[in-house]
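Commentary on secondary and tertiary structure
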Amino acid sequence: MVEEKTVGAPAPAAPRRTVKQRLTRRKPVERLTEEAGHGEGGSLRRTMGLPQLTMISIGATLGTGIFVVLGEAVPVAGPAVVLSFVIAGVTALFSALAYAELAGMIPASGSAYSYSYATMGELVAWVCGWCLMLTYGVSVAAVAVGWGEYINELLRLVTGASLPAALTQPPGADGGIVNIPAAVVVVLAMVALIGGVRESAWLNGAMVVVKVAVMVMFVAIAATAVQDGNFAPFMPLGMAGVSAAGATLFFSYIGFDAASTAGEEAKDPQRDLPRAIMLSLIIVTAIYCLVAFVAVGAMPWTDFQDTEASLAHILTVVTGTPIWSVVFAIGAVIAIASVVLVVLYGQTRILFAMSRDGLIPKVFSKLDKRGNPTANILILSAAIAVLAAVVPLGHLADATSIGTLFAFGLVNVAVIVLRKRRPDLKRRFTMPLAPLTPVLGVLSCAYLMLSMGVATWVTFGVWMVVGLAVYFGYSMRRSTLETAPETAGA
């Protein structure tokens, strides 16, 4: 006789595990794949193909380092800032190869967080996810600050007037009180995302076309003013300056990670994600290096001090008229807005995955009737808008870089671990020359991290301590694996 189950019976008691077992429990790749797209009250919609995914990756990447941080990196590296872009790009390449291999197997919105969960266990996954919160959230805020700089530059070029510092600078910076434009662009991106992922993807695609056209225009004009003398001395602050600038500029390369966060909304993620990641990185790196080369060739590196709108200024100096600078500033405003839009999108999807796993509140994985995480978008956007309004750009960019480098290092480790533990898994893209390439990826990330200042490390350390407190105080006991049957994981 079959025993009937009692309706409403309590769930079975959680299996007793040691602390070590709880910290190292892994989420199987098969379960990650099975859960893809599912949230609280609905499912995400698979609407994006290779063109949209590539545009997301380019949209999140192209613009940040060139439009915003170049003015800070050149005074550190001098004309050798071109080499800084190359170093950052090579470091990103190793990690992009690792991302491509993992994205072809694990089409999860959590990106590096999900890859770590499948390979190195829950604690490492939490640390990675916590770093990505820093990377994405602070990146949106940093780019939003740069957007405000170009809004001010555009107003100055068109009307001769600028917004008062009290409304465009954070507290304590040149009489600043609050950066209103930075908060406004975050709110605009929030509105676009609430409208739906398909609509946001098309909007981003249009903005990417504009930003590429603006970059081509800049190169064509600035190249006419390149002078050999502006490249000497090439390394005025030595290799240390080049490395420091490379570490800061690395935050310009997190776009391909944003593409991987679309894994649960892609039509064929295993095929298209690796292609989108590699294609976008090649395009963006080439544009970065070309623009940086003509920029430092057209204007002495010492003139880059204290301006985030340096490229528009170069066009004014070269042409002797503000017309092209106005066109460029308009393009920059559109281009930087696309970075804010796509990186904010990526952050919401990472939080969606972490929430589904029980590590953060369920509200972040709650979907509305259209399959959109509206509550997630609203909460995150409000927090980032406040951050963008009150924190200086330099601190934001450096904090973003160190979080990105740490997470990317873990992704390279994940490739090695998963190849050893699950050689049977089908890989649509294989990282060449492994395990050499992932090892080089880890070492290059560590090299750039060590190039950062003490203040950045202190900020990172405090962030990690807070993250561990949240994990042990909340996340570990609410993990969906807490009551799951004992498993070895992936």
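What counts as what
Residues numbered from 1 in each chain as written. Predicted model: local features only at pLDDT ≥ 70, side-chain atom pairs only at ≥ 80, totals over all residues. Heavy atoms only, no water. Helix = DSSP H or I, 4+ residues; strand = E, 2+ residues; numbered from the N terminus. Buried < 20%, exposed > 50% of the residue type's maximum accessible area, 1.4 Å probe, protein only. Axes fitted to C-alpha atoms, helices over the stretch in contact; angles between N-to-C directions. Parallel < 35°, antiparallel > 145°, perpendicular 65-115°, else oblique. Left-handed = near helix turned anticlockwise from the far one by under 90°. Nonpolar A, V, L, I, M, F, W, Y, C, P; charged D, E, K, R; others polar. Phe/Tyr/Trp six-rings, centres within 6.5 Å; stacked < 30°, edge-to-face > 60°. Salt bridge = Lys/Arg side-chain N within 4 Å of Asp/Glu carboxyl O. Contact = heavy atoms within 4.5 Å.

Observations regarding unusual backbone geometry
Negative phi is the rule for most residues except glycine; trans is the rule for most peptide bonds. A cis geometry characterises the amide bond from alanine 232 onward to proline 233, with omega recorded as -10 degrees. Here serine 111, not a glycine, exhibits a phi torsion of approximately 55 degrees, which is positive. Note that serine 111 resides in the loop between helix H5 (81-103) and helix H6 (112-119). Note on serine 111: relative accessible area 0%, which makes it buried. Here the phi dihedral of leucine 433 falls at roughly 60 degrees; this positive angle occurs in a residue that is not glycine. Positionally, leucine 433 belongs in the loop between helix H17 (393-421) and helix H18 (436-450).

Some thoughts on the packing of helix H7 (residues 122-159) against helix H15 (residues 323-356)
With their axes 9 Å apart at the nearest point, H7 and H15 run at an angle of 160 degrees to one another. Considering their axes alone, H7 and H15 lie roughly antiparallel with respect to each other. H15 is crossed by H7, and the crossing has left-handed handedness. Among the residues making up the contact of H7 with H15, the classes are represented as 29 nonpolar, seven polar and no charged.

Considerations on the packing of aromatic side chains
Inspection of every chain in the model, using the stated rule, returns twelve aromatic pairs. Seen from their ring centres, tyrosine 99 and phenylalanine 408 are 5.3 Å apart, and the 75 degrees between their planes marks the pair as edge-to-face. Within this pair, whereas tyrosine 99 is found in helix H5, its partner phenylalanine 408 is found in helix H17, the two being separated by 309 residues in sequence. When its relative accessible area of 1% is taken as the criterion, phenylalanine 408 is described as buried. With a centroid separation of 5.4 Å and an interplanar angle of 25 degrees, the aromatic rings of tryptophan 126 and tryptophan 130 are classed as stacked. Residue tryptophan 126 and its partner tryptophan 130 are located together in helix H7, separated by four residues, close to a single helical turn. Across the pair, exposure class does not vary: tryptophan 126 and tryptophan 130 are buried alike. Through a chain of ring-to-ring contacts, the aromatic side chains of Trp126, Trp130, Trp463, Tyr471 and Phe472 assemble into a single cluster.

Observations regarding the pattern of salt bridges
Within the structure shown, the criterion is met by 15 salt bridges. Put simply, glutamate 35 and arginine 31 hold a salt bridge, and the shortest N to O gap is 2.9 Å. Residue glutamate 35 and its partner arginine 31 are located together in helix H2 (residues 29-35), separated by four residues, close to a single helical turn. Classification of arginine 31 as partly exposed rests on a relative accessible area of 25%.

Focus: the environment of serine 479
One can find serine 479 in the segment after helix H19 (454-478). Note on serine 479: relative accessible area 4%, which makes it buried. As a C-alpha pair, serine 479 and glutamate 122 span 357 residues in sequence and 8.9 Å in three-dimensional space. When residues no more than four places from it in sequence are discounted, the contact partners of serine 479 are Arg25, Tyr117, Glu122, Asp357, Gly358 and Leu359.

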